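For reference, the chains in residue letters:
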Amino acid sequence: YVLKGGDMVQVCLDECRKDNLVGFVSLRMNDVHVLASADDPKNKSTDSVSRFYVEHPEYRLGEEKGQPSSWVKLLQNWAIPQVRNYKYEIIKEICLNYNISGLELDFIRAAGYFRQKETTSAQRKMIMTGFIKKVRQVLDEGAKEGQYRWLCVRIPDHPDNYDYMGIDPAMMYEAGVDMFVSSGSYYIQQQNGIRQLRAMVPKASIYEEVHYVTSTVKTQDKKVYG
């Protein structure tokens, strides 16, 4: 569809406006799906695996002791400026060429961004917050006269997972985030950190995302990222 000239973003926005709905674009900041076969010459998942990912295996997180899941090694390392810039350029293209009402940065799918032993907590937070500031600027730059466009982030519903990912809600709010979606990824969980999140960002809009799969993993005894 896309190779034939189709424009999924514009079609979505057009359909939203037919029903008087605001149109948001949501982007996954570090997706892991089908990456296990990315280096296979026969891989045909061109819709999910970019040339940038395949051509730069040195940008991947790789193995690190204590990783919460085996798939984290496949994700790209956000401590590398080129990785962040690649994502930013995609966002910039959307913000400047489409009349979107808002943008969601999905930091959960998937929830791995840094080599823990090579970065400090402060460094991770500064990197993430700096990225948010750039996105806020280009989101505003592409707005029509008199238009305000919302910036949303999708983050874990357990604050214990924030530091691992470089997430500081208060810093993100100050950098221009309007909405926080607190999510268990695809789990329905009876416990969440909305009360703690509200204390961190008392003026922000907060949404709890309820999904369709009952959680069967242990969330009390060990951390589950994403």
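Everything numeric in this text was worked out from a predicted model, so none of it was measured.

Turning our attention to the side chain of Thr129. Relative to the helices and strands, Thr129 resides in helix H4 (residues 121-141). When its relative accessible area of 5% is taken as the criterion, Thr129 is described as buried. Discounting chain neighbours no more than four positions away, the residues touching Thr129 are Met171 and Ala175.

Before going further, it helps to spend a moment on helix H3 (residues 81-97). The end-to-end C-alpha distance of H3 is 24 Å, a good match for the 24 Å that 17 residues give at a rise of 1.5 Å each. What H3 keeps buried is the set Val83, Arg84, Lys87, Tyr88, Ile91, Ile94 and Cys95. The buried residues of H3 all sit within an arc of 120° when viewed along its axis, so they share a single face. Exposed residues pointing more than 90 degrees away from the buried face of H3 are listed as Glu93 and Asn97. Looking at the packing, one finds that the buried side of H3 touches strand S1 (24-28), helix H2 (51-55), strand S2 (102-106) and H4.

Take the side chain of Arg149 next. Assignment of secondary structure puts Arg149 in the loop between H4 and strand S3 (150-156). Although Arg149 is buried, it makes no salt bridge; Asp140 carries the closest opposite charge, 6.5 Å away. Side-chain polar atoms of Arg149 contact the backbone oxygen of Tyr98, separated by 3.2 Å. Polar contacts involving the side chain of Arg149 include one to the main-chain carbonyl oxygen of Gly142, which spans 3.4 Å.

What counts, and where the lines are drawn
- Residues numbered from 1 in each chain as written.
- Predicted model: local features only at pLDDT ≥ 70, side-chain atom pairs only at ≥ 80, totals over all residues.
- Heavy atoms only, no water.
- Helix = DSSP H or I, 4+ residues; strand = E, 2+ residues; numbered from the N terminus.
- Buried < 20%, exposed > 50% of the residue type's maximum accessible area, 1.4 Å probe, protein only.
- Contact = heavy atoms within 4.5 Å.
- Expected span 1.5 Å × (residues − 1).
- Arc of directions from axis to C-beta.
- Lys, Arg positive; Asp, Glu negative; His and termini not counted.
- Salt bridge = Lys/Arg side-chain N within 4 Å of Asp/Glu carboxyl O.
- Polar contact = N/O pair within 3.5 Å; in protein donor to acceptor, adjacent residues only side chain to side chain.

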